[in-house]
There are 2 protein chains.
Amino acid sequence: MNIQTEQAQKAPSITNLGRHILAEFYNCNSNVLNNLELIERVMAEAATECGATVVEKKFHMFSPYGVSGVVIISESHLAIHTWPELGYAAVDLFTCGDTCNPLIAYEYLKEKLSAGSAIYTELHRGMFNPKNEEVMVSPFQIKTHID
Amino acid sequence: MNIQTEQAQKAPSITNLGRHILAEFYNCNSNVLNNLELIERVMAEAATECGATVVEKKFHMFSPYGVSGVVIISESHLAIHTWPELGYAAVDLFTCGDTCNPLIAYEYLKEKLSAGSAIYTELHRGMFNPKNEEVMVSPFQIKTHID
């Protein structure tokens, strides 16, 4: 092993400050999507299920239909917007650290919204370089993209 | 003009239910990023500036530092997470409809956080086909990506 390789192996690698799952849920149960209390409960449960700690939450019912809401967690936030008339919900699951896994929240919500189909994309935000302890000026990195 | 072309021109085009700006702000003023009241105020102002209507807001100060917060607007939500120790903030500006422009909120926040540099990406979420009035099962579309 030459010195260069050895140094490369010892160098701390670039990490990301946040994991951001953008999820699209289709053909969901419209009654669920239009139920403020239920959406608030399953979003809070999704946070707990994935290992996050709920700090605050705020949900709002729109007229004639649709729910928007956010759960602020110690590890960032979970957000949802529903279109009951279209059976569609757009969800964001943004987490920091290694203590929770947003993909568990994704699977939980997919089931609770009775989504006929779903897509998610995982983005890595805030690329941190431990060498100089700076956040790199770099767009987010797409880790997974399921069609 | 043949019939086919005429039909194509008359056909309603596919639209998106939501515009989602993912913004990364670097080398910001750390005192601003660690000021709960100030972050809450500039986020609410960013909503108003871009033509949105504030419905609810919830902000939280972390120990030893960092602010997380969300403004629910009639048109969806604005969210922020700050890392004052790194001068970095991750921001999401999610809007629906044509009455507000999230890019105005982006520019407003860039100035108010005194960001040395910034990057944004615009995603189109919930691709709606007016022909059958259904949301297409399709991942979001990236409209703009500035490096």
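Residues numbered from 1 in each chain as written. Chains lettered and ligands numbered in written order. Predicted model: local features only at pLDDT ≥ 70, side-chain atom pairs only at ≥ 80, totals over all residues. Heavy atoms only, no water.

Trainee: Would you explain the interface of chain A and chain B in this entry?
Mentor: Where interface size is quoted, it is often the accessible area lost as the parts come together. Each partner contributes residues to the interface: chain A has 48 residues there, and chain B has 48 residues. Taken together, the two surfaces of chain A and chain B that pack against each other cover about 3,800 Å², and 72% of this comes from carbon and sulfur. Its largest share of buried area at the contact with chain B, chain A owes to K58, R125 and F140 of chain A, together 15% of the area lost on that side. Across the contact surface, chain A and chain B share 6 salt bridges. Of all the secondary-structure elements, those providing two or more residues to the side of chain A that touches chain B are β1 (15–26), β2 (54–61), β3 (67–73), β4 (76–83), β5 (88–96), β6 (117–129) and β8 (141–145) of chain A. A per-element tally of the side of chain A that touches chain B places β6 of chain A first, with 7 residues. Considered class by class, the residues forming the side of chain A that touches chain B number 27 nonpolar, 13 polar and 8 charged. (Contact = heavy atoms within 4.5 Å. Buried area = accessible area lost by both parts, 1.4 Å probe. Salt bridge = Lys/Arg side-chain N within 4 Å of Asp/Glu carboxyl O. Helix = DSSP H or I, 4+ residues; strand = E, 2+ residues; numbered from the N terminus. Nonpolar A, V, L, I, M, F, W, Y, C, P; charged D, E, K, R; others polar.)

Trainee: Please explain the pattern of salt bridges as it appears in this structure.
Mentor: Proximity of charged atoms lets side chains of opposite charge pair with each other. If you walk through the whole model with that rule in mind, you get 12 salt bridges over all chains. Here E45 of chain A makes a salt bridge to R41 of chain A, at a shortest N to O gap of 3.5 Å. Of this pair, E45 of chain A and R41 of chain A both sit in helix α3 (residues 36–49), 4 residues apart, which is roughly one turn of that helix. Look at R41 of chain A and you get partly exposed, because its relative accessible area is 48%. E40 of chain B is the partner of K57 of chain B in a salt bridge, and the nearest nitrogen-oxygen pair spans 3.2 Å. Placement of K57 of chain B in strand β2 (residues 54–61) and of E40 of chain B in helix α3 (residues 36–49) is noted, with a sequence separation of 17 residues between them. What makes E40 of chain B partly exposed here is its relative accessible area of 24%. (Buried < 20%, exposed > 50% of the residue type's maximum accessible area, 1.4 Å probe, protein only.)

Trainee: Would you take a moment to explain the relation of the copies chain A and chain B for this structure?
Mentor: Between the two copies of the chain lies a relationship made up of a rotation around an axis and a movement along it. The operation relating chain A to chain B is a screw motion whose rotation component is 180°, with 0.0 Å of axial translation and a residual RMSD of 0.0 Å. The two molecules are tied by a two-fold rotation axis, judged by turn and shift. By residue overlap, the copies meet face to face through one surface: 100% of the interface positions of chain A are interface positions in chain B. (Least-squares fit on C-alpha atoms with pLDDT ≥ 70 in both.)

Trainee: How should I be thinking about the state of the cysteines in this particular structure?
Mentor: Joining two cysteines, a disulfide is a covalent bond between their sulfur atoms. One pass over the structure, following the stated rule, counts 0 disulfides over all chains. The closest cysteine sulfur to the non-disulfide-bonded C28 of chain B is located on C96 of chain A, 16 Å from its own sulfur. As a non-bridged cysteine, C96 of chain B has C100 of chain B as the owner of its nearest cysteine sulfur, 8.1 Å distant. (Disulfide = S-S within 2.5 Å.)

Trainee: I would appreciate a short explanation of the packing of α3 of chain B against helix α4 (residues 102–112) of chain B in the present structure.
Mentor: In helix packing, the relevant descriptors are the interaxial angle and the interaxial distance, both defined with respect to the helix axes. All names here are of chain B. The interhelical angle for the contact between α3 and α4, taken along N-to-C directions, is 145°, at an axis separation of 8 Å. The chirality of how α3 crosses α4 is right-handed. Packed against α3, whose contacting residues are V42, M43, E45, A46 and E49, the element α4 presents I104, A105, Y108, L109 and K112 at the interface. Considering only residue class, the contact of α3 with α4 consists of 7 nonpolar, no polar and 3 charged. (Axes fitted to C-alpha atoms, helices over the stretch in contact; angles between N-to-C directions. Left-handed = near helix turned anticlockwise from the far one by under 90°.)

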